[in-house]
Amino acid sequence: MDEKSELLRKREEKMKALQDMGVELYPNDAKVTATTKSVIDRFGDMDNEDLTGIEEKFTLAGRLMAVRNFGKAAFVSIQDREGRIQGYIARDKVGKDAYSIFKKFDVGDIVFISGGLVKTKTGELTVDADNVRLLSKAIRPLPEKWHGLTDVEARYRQRPVDLIMNPGVKEVFYTRSRVIKLIRDFMQDRDFLEVETPMMHPMAGGAVARPFKTYHNTLDMDLYLRIAPELYLKRLIVGGLDRVFEINRNFRNEGVSTSHNPEFTMMEFYQAYATYEDLIVMTEEMITSVATEILGSLQIEYQGIKLDLARPWQRLTVKEAILKHSDATPDILEDQAKAAKYARVLGLAVEDDEPLGKIIVAIFEEVAEARLIQPTFVTSYPIEVSPLSRKSAGDGGFTDRFELYIYGRELANAFSELNDPEDQRNRFAMQLKEREAGDKEAHEMDEDYISALEYGMPPTAGEGIGIDRLVMLFTNSPSIRDVILFPHMRAKRDVRL
RNA sequence: GGGCCGUUAGCUCAGUUCGGUAGAGCAGUUGACUUUUAAUCAAUUGGUCACCGGUUCAAAUCCGGUACGGCCCA
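None of the values given here were measured: they were computed from a predicted structure.

Novice: Which residues make up the overall build of chain A, and what values do they have?
Specialist: Scanning chain A from terminus to terminus reveals 16 helices and 18 strands. Relative to the globule expectation of 23 Å for 497 residues, the C-alpha radius of gyration of chain A, 29 Å, shows a markedly less compact shape. Among the 497 residues that make up chain A, the fraction classed as buried is 47%. The long-range share in chain A, meaning contacts at least 24 apart out of those at least 6 apart in sequence, stands at 65%. Positive and negative side-chain charges in chain A, numbering 68 and 83 respectively, have mean positions lying 8 Å apart.

In structure tokens form, the structure reads like this:
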């Protein structure tokens, strides 16, 4: 049953042959002193005359990506984390024995090469090898050199191969790392403290979403992977830390799509004595400064659409966004029955007693969300969908909250925090009623959190920014799976086993 | 959840309309070749056509189902 392909069997025969020649297949004594890029940066512009004056030897290592064989000499292409460099392996130079060992190398092997530098007659900087060695034998063959690995499913399931074959993938994750560093620096420069709060919660709170459930044996209790760190970060505000942030994973037991992964990375932060309006300004500053660093411009292109990140960004209330992008009239958004009727015309499923605020948000998502292409802060969310947000001073049916949309995708969610414990208890009670009515996403009553609020939380504003979606924007990636190294896929049953 | 499309050699893909011995390029193997870069030239190996079932003298191809993936919609 364990039929190996002929390719693999041939490789194993080669490995045996190498071992018979006394070659160690996985040695660990190589000293590497240079990278492809460092060598090319320093010497790429020199001509052969300059290069012959250089006594220095260079030792590099990397994956053998191509071999062009000429009998008693060969050109090889070696790839390390920064790029590729050509090597020239001549039998006269490396010696007869080393050369016959080299002839048993395969594309895909990890190799070591050392030597001086020359320019070939086609002008390519080349390591003129005086030594070449095997560092790790590859048993499996790499994909084809020209087309590489293009099958999307194979790329996600075999990310190592994807990273070897597709240089753009590596770029995306270098950019991702830079984006996170820039955000971390931005926050720390503003005196925010980076913290880590629990990933396992006794109760899934801080967002409206379905959780993953797990179980702790010794404590004999159910735990939930967090859907948001919000309630813990706000406890730290109660504790007087005043400015905190956390960059970490959230887990939501929901659908998978080009913009949803079950686990995703969020930067969430809380600032005492600030309002959601302060956070609008801060969000603009943060994202434009990251964009300037990463892309060098605020005029960016994403999936063929030009996006103008120049400040200030558009602001619309939820209701304004609906009126702008539909034929709804203002009176429809003031009356539950009219709103329900309008929603049903749009094809939305609405209960007869559905609260007006929920209907408004459903209409917003249907008619406006996808059309918010240029950066837009949507404000004034209904209280029914904002159980943790402060009521707006003028209108108790709405809250001091915004969501940021770019390219029709939610990138951030922020609000002035509800810090009145009694109001918070009432909001949780409202949510409980929704839950009893069948809304599995509704928030639960969290007495422990309310008791924290009862110690007094300063007026505070907080925000969560979706890091994966931000990285998608800055790397022009069409799918969230392109910016997550190991995105979740359905288990593939191998029926051959 | 719904619709459409895809799954054939290690990789990239033809072949499916209209059923009749499973193909190419690259990779691999053998030979030639000391400045090539998708090296070249000659020869050559390699397949559970995703899986299960049905129709048929005969199925990669037609029909039904399943799995996985992609795109669009909700």
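This is not the end of the story, as more comes after the structure.
Novice: Residues and numbers for the domain arrangement of chain A, please.
Specialist: Segmentation of chain A into domains returns domain 1 (6-142) and domain 2 (165-326 + 368-482). The gap between the C-alpha centroids of domain 1 and domain 2 is 49 Å.

Novice: An account of the pattern of salt bridges is requested, with residue identities and associated values reported.
Specialist: Applying the stated criterion to the full structure yields 37 salt bridges. Across the pair Arg133 and Asp29 runs a salt bridge whose closest N-O atoms are separated by 2.9 Å. In this pair, Arg133 is assigned in strand S5 (residues 125-136) and Asp29 in the loop between helix H1 (6-20) and helix H2 (36-43), connecting sequence segments 104 residues apart. Residue Arg133 is classed as partly exposed on the basis of its relative accessible area, which comes to 25%. Note that Asp162 and Arg159 form a salt bridge whose closest N and O atoms lie 2.8 Å from each other. Of this pair, Asp162 and Arg159 both sit in helix H7 (residues 159-165), separated by three residues, roughly a single helical turn.

Thresholds applied
Residues numbered from 1 in each chain as written. Chains lettered and ligands numbered in written order. Predicted model: local features only at pLDDT ≥ 70, side-chain atom pairs only at ≥ 80, totals over all residues. Heavy atoms only, no water. Helix = DSSP H or I, 4+ residues; strand = E, 2+ residues; numbered from the N terminus. Rg over C-alpha atoms; globule rule 2.2 N^0.38 Å. Buried < 20%, exposed > 50% of the residue type's maximum accessible area, 1.4 Å probe, protein only. Contact = heavy atoms within 4.5 Å. Lys, Arg positive; Asp, Glu negative; His and termini not counted. Charge placed at Lys NZ, Arg CZ, Asp CG, Glu CD. Domains from an automatic or database assignment. Salt bridge = Lys/Arg side-chain N within 4 Å of Asp/Glu carboxyl O.

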